[in-house]
Every structure is written in C-alpha cells, then in structure tokens.
Amino acid sequence: MAYDCSFLSDLALDGEVSFGDSARESHAADFGADERGQGVTPDAVVWPETTADVSAVLSAADDRRVPVTPYAAGTSLEGNAVPVHRGISLDCSRMDSVLDVRADDFQIDVEPGVYGSAVDEAVADEGLFFPPLPSSGDISTVGGMVANDASGMKTVKYGEVSDWVLELEVVLADGSVVTAGSKAAKTSSGYNLKDIFVGSEGTLGVVTRATLELAGRPAQIRGARALFPSLDHAAEAVFDAVRSGVDVATIELVDADSARMANAYTGTDLPDVPTVFLEFHADYGVEREIEFCREVFADHGVRQFETADDGAAMDDLWEAREDLAYAIQLWDPDLTALHPGDVTVPISDYPEMVKFVKGLADDRDLLVPCFGHAGDGNLHYSVLVDEDDDEQVDAAEEVYRATVEMAIDLGGTATGEHGIGLGKRDFLEVEHGSESVEAMRRLKRAFDPRDTLNPGKIFPETAGGERVRADSADDVR
Ligand SMILES: Cc1cc2nc3c(=O)[nH]c(=O)nc-3n(C[C@H](O)[C@H](O)[C@H](O)COP(=O)(O)OP(=O)(O)OC[C@H]3O[C@@H](n4cnc5c(N)ncnc54)[C@H](O)[C@@H]3O)c2cc1C
C-alpha cells in the first residue's frame, strides 16, 4: 500500500527529501535483497543531516502510521535495510561526521553514516583502531554495524561490535531522543538500553550518534597462511588452536572451492586446497605465538605454513580472502548463490558443522563453497544453483535449512553476524522458542507500538505480510 508522504515537504529539515523514481528505486534493494527482489520501492527517501531531522521525520510519520525503514550503505545480506511496506526510507548516510576523538580515553564519537574504515583512518595517527570491523568495513557504516551487531575477522580476539559500543544517541519511533549507555568503561546503572538497540536492525530506534571504544594498535602484527590436506584437518586444527589458547587475532577458514573462486576473481594463485589464514597481534613475543600455532597445526597434518610481515606481503595474503563474497557471486553466470549462510556454533562443534555441510553438498552433488571467521565458530556457505532447475533449487533449500537447524541443535545460532532481516525469520522461533520470541515482540511493542520502524523484519509472522501491531487499542501511547 502506498502512503501519502507529502507531509515531509512541510518539515523544514536540514536534510533532503526526494519523491523521485531513481532515489526511491535505489532504496528498494540492499546487497541481500537485491537478487531475490524482496524489497519494495518506498514512497519517499529522506536524507537527514541532524538528530532533529530524524526526530521530526519519525514523529510525523508515527503520527500518521507511515512506516520508516532506516537505510545506511545497503550492504546487509538478509534484506535488513529494504522497505517491505513502502513508506519512508530514512537514509542516514549523510550524517557522516567524526565528532570527537578522545585518544586518552580510547574513544571516538561518530555520526551513524561514518564508514567503518573511516573510523580507523580517523584514529590511526593516535596509534588506535576499531577492532570489530566487518570484512565490509570499507563499504558499510557505523549505524549499519551497530544495528546488525556486526563482527569481523578480528572478533576471535577482540569481540563483536556490541563489545565496543559505549554510548548511543537514539531517536525512538515517536521522535523522542534518548541516550543509552555511558562513556565510562563500565556501568551497572539501570537497564542496559544500549545493548537492546545494538542488533535491533533499525526496528527499535534510529542511532544518531555512537561513542565507540578503541584499541591500541599492537606493535607486532604478522600474517600467516596454512595449507591442509583436507577440510576436516583444517577445521580440527582451528578448534585445537583456539582450545589450546593460541593468541590469534584472526583465524579464517577457506575451503578448496572458495580458494578456486577467489583465484578466478582476484587473479591470485592460492593453492586450491583447504587453507587457514591467520593474523597474530602482540606487543612483544609474536614469533613465539606463531611457533605455538605452527606446532598445533602440525598435529593436524598441515602441509605448508608460511608467514608474512606487516605491509605489502600481508595485503597480498588477505586480498583473496577479502573479496570472497564477490568471487562466489561471480563464479559462474549460470549459477546463483541461493542464500548467504552465516551459522555460528560453539568452537568444539566447528569441525562437525563443517563436515555436515560438506556432506549434505556431496550427497546432493551441489557446489557449496564454505569459508568464515572460523575462530569464533562462524561458517559462511553459499549453495550455488541453476535457478531454472527446480529440483536443484529444492535440494539447495534443503541444504540451507538443514545446516541452520544443525547449528541450532548444536547450541549455536542461525546468524552470527548478518542479522535476521527477511531471510532468517523462519528460524527465530526454532532458535529461541516461542516464549522468548513473544518477549521480543513485547519489547518491540513497548518501543514502537505502531510498528513504524522497519516493519516486516525479524518476526516470523511478518513473512506473511503482517506487521507487529499493538495488542488492541487504537491509540497506544
Ligand atoms: C562483501 C560483504 C562482506 C561482508 N562481511 C561482513 C562481515 O565480515 N561481518 C559482518 O558482520 N557483516 C558483513 N557483511 C554484512 C554487512 O556489511 C554488515 O551487516 C554491515 O554492518 C551493514 O552496514 P550498512 O552500513 O551497509 O547498513 P545497511 O545494510 O544499510 O543497514 C543495516 C541495518 O541497519 C539499519 N540501520 C541503518 N542505519 C541505521 C541507524 N542509523 N540506526 C538504526 N538502524 C540503522 C537498517 O534498517 C538495517 O536493518 C558483509 C557484506 C558484504 C556485502
């Protein structure tokens, strides 16, 4: 249903409003929903420039029951940022200022549209960095990372985005502005509102400012690459390294299919065998840690273990890994990557998880490249299919579903970092149980009783086109 958004023209915003086709159409897709065409074209796009703009838009939209879907860089992989009920796409990408760097406190204040890599650039001269950046850090924003509770290659050592957010300014659905968290390193004051907003995918409030914690850049950074005779050997080696306490900042698994695809896309010449990429961070003694890892990997039949120093050699090492998402998508024009898998399991179950996915793929003769932030039990997998072949598509859906269910059975999660969005709604109750999901629903109603913010996401019933509405009363405030 189309909404009359002409009220936006009367709001005297600092930012811009557009009702034009090209602006609206470009906000009907994000990286994940693009291929599947799940998004709909919003009726208007607003680029706010201030917190007051965001507040004015939300207050007016909420009064009129017009949906508002926050949008940042649109790199979400589960359709998180696309509107499904039209209304307004609230594009926060122009709120892109670094507000303050307090190096002595290891803190930075930023607006939500600042790119992740820009945070690192802003603090590099101070010898600091923002550790939980996702692999997409140079194409995605702080607002999107906070909303999806993103994480990345260094999460195994440093944690995810939620571990590095200290304070948020958030505009609620009715336009009121709240501050959640504090600038202290710890707090036990009141409910932890900040962590309710982190990971809420724009369904509970719009982040307009974030105070992020930073880490000191280690004096020694080394990369390494280890080649294994089989994927099972590689997965067991990752588990053993983590269990043994090897102090590793990054430990990424890439299977032989992914290595081949990376070579075709990036022009690298990775051996097409299961490979583990590593990075070690220390202020001193890094070589000792590398030796420790080498010994652990030797117990798992590692065939080659080579290291690289900081600089160009490290860049070469990471290039192929960083471009993997694109490499898989562009591997074969006749094959489509069905859904981006993002399961995460306790580390002791990682080898079993990897074996399970590959077993399903082999049984059905499907191409399923696997890779991921293995050190935190995360496995990305894409089932490649010929979309005109119904039987193959059904088999691929089965692989995808069975893998997520297996991860949940193992005590893990359907999504370690991409969020639920549109793509994983079916698994919310499987993972959390109906009572926990009802508690989430109550939280949603308390913050956003008219279901103004990003309606159609997360909750299973929204797959049927429902919105999460207040129980009864027309006026819910
Ligand atoms: C090649 C590639 C690699 C990737 N690698 C990783 C990875 O390693 N780790 C990982 O975690 N993810 C990864 N992703 C997924 C994605 O990049 C991240 O989830 C990223 O944080 C999304 O940021 P964005 O700026 O693109 O946000 P968008 O996709 O535009 O939006 C994300 C969500 O945030 C909401 N939102 C946007 N702005 C705000 C705001 N100001 N306030 C409240 N809600 C808001 C949107 O409604 C949406 O629900 C990858 C994606 C790609 C394409």
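Note that this is a predicted model, so its numbers are computed, not measured.

The rules we used
Residues numbered from 1 in each chain as written. Predicted model: local features only at pLDDT ≥ 70, side-chain atom pairs only at ≥ 80, totals over all residues. Heavy atoms only, no water. Helix = DSSP H or I, 4+ residues; strand = E, 2+ residues; numbered from the N terminus. Buried < 20%, exposed > 50% of the residue type's maximum accessible area, 1.4 Å probe, protein only. Contact = heavy atoms within 4.5 Å. Areas by Shrake-Rupley, 256 points an atom, 1.4 Å probe, with all protein chains shown as cover. Lys, Arg positive; Asp, Glu negative; His and termini not counted. Charge placed at Lys NZ, Arg CZ, Asp CG, Glu CD. Pairing = 2+ DSSP bridges. Axes fitted to C-alpha atoms, helices over the stretch in contact; angles between N-to-C directions. Parallel < 35°, antiparallel > 145°, perpendicular 65-115°, else oblique. Left-handed = near helix turned anticlockwise from the far one by under 90°. Salt bridge = Lys/Arg side-chain N within 4 Å of Asp/Glu carboxyl O. Near = heavy atom within 4 Å. Polar contact = N/O pair within 3.5 Å; in protein donor to acceptor, adjacent residues only side chain to side chain. Nonpolar A, V, L, I, M, F, W, Y, C, P; charged D, E, K, R; others polar. Domains from an automatic or database assignment.

Draft legend 1. Region of the structure containing the overall build of the protein. Within the protein, the regular secondary structure consists of 16 helices and 18 strands. Taking the principal axes of the C-alpha coordinates as reference, the protein spans close to 65 × 60 × 40 Å. The buried share of the protein, reckoned over its 477 residues, is 56%. In the protein, the share of contacts with a sequence separation of at least 24, taken over all contacts with a separation of at least 6, comes to 73%. Working note: accessible area of the protein is about 19,200 Å², and carbon and sulfur atoms make up 44% of it. Seen as two clouds, the 37 positive and the 93 negative side-chain charges of the protein have centres 5 Å apart.

Draft legend 2. Structural context of the sheet that holds strand β13 (residues 250-254). Spatial strand order, β15-β12-β14-β13-β17-β18-β16: 7 strands in an open sheet with antiparallel pairing. Unpaired on one side and paired on the other, β15 (304-308) and β16 (336-344) mark the two borders of the sheet. Across the sheet, the mean angle separating the axes of adjacent strands is 15° when strand polarity is ignored. Here strand β17 (residues 370-372) runs beside strand β18 (residues 378-385); their pairing, made up of 2 bridges, is antiparallel. Considered in β18, the bridge of C370 is made with Y381. Across the sheet, helix α8 (residues 231-244) touches β13 and β14 (275-282), and the angle it forms with β13 is around 165°.

Draft legend 3. Structural context of the pairing of strand β4 (residues 88-91). Burial along β4 is two-sided: the face carrying I88 and L90 and the face carrying S89 and D91 are both buried. Where strand β2 (residues 44-47) and β4 come together, 3 bridges link them in parallel fashion. Across the sheet, the residue bridging to V45 is S89, located in β4. The sheet contact formed by strand β3 (residues 68-71) and β4 spans 4 bridges and is parallel. The partner of T69 across the bridge, within β4, is S89.

Draft legend 4. Representation of the packing of helix α13 (residues 350-363) against helix α14 (residues 390-409) within the structure. Following both chains from N to C, one finds α13 and α14 inclined at 160°, their axes separated by 10 Å at the closest point. If you check the angle between α13 and α14, you find them roughly antiparallel. Relative to α14, α13 is oriented so that their crossing is right-handed. Contact residues: E352, M353, F356, V357 and L360 in α13; V399, A402, T403, M406 and A407 in α14.

Draft legend 5. Examining the pattern of salt bridges more closely. Evaluation of the coordinates by the stated rule reveals 28 salt bridges. R445 is the partner of E438 in a salt bridge, and the nearest nitrogen-oxygen pair spans 3.3 Å. Overall, the relative accessible area of 18% leaves R445 in the buried class. Here R441 ties to E461 by a salt bridge, and the two come within 2.9 Å at their closest N and O atoms. Highlighted residues: R441 in helix α16 (residues 434-447) and E461 in the segment after α16, separated in sequence by 20 residues.

Draft legend 6. Focus on the site of the ligand. The local shell around the ligand holds 36 residues, among which P70, T75, S76, S136 and S151 are the closest. In this structure, an oxygen atom belonging to the ligand sits 2.8 Å away from a main-chain N or O atom of A72. Taking S151, its main chain carries an N or O atom lying 2.6 Å from a nitrogen atom of the ligand. Among the elements of the structure, β3, α5 (142-148), β10 (206-213) and α12 (324-329) are those that each provide at least two residues to the shell around the ligand. Counting residues per element, the shell around the ligand draws most heavily on α5, at 5 residues. When grouped by side-chain class, the residues that make up the shell around the ligand number 17 nonpolar, 17 polar and 2 charged. A domain split of the shell around the ligand shows at least three residues from each of domain 1 (6-94) and domain 2 (98-216).

In short, geometric facts, not functional conclusions.
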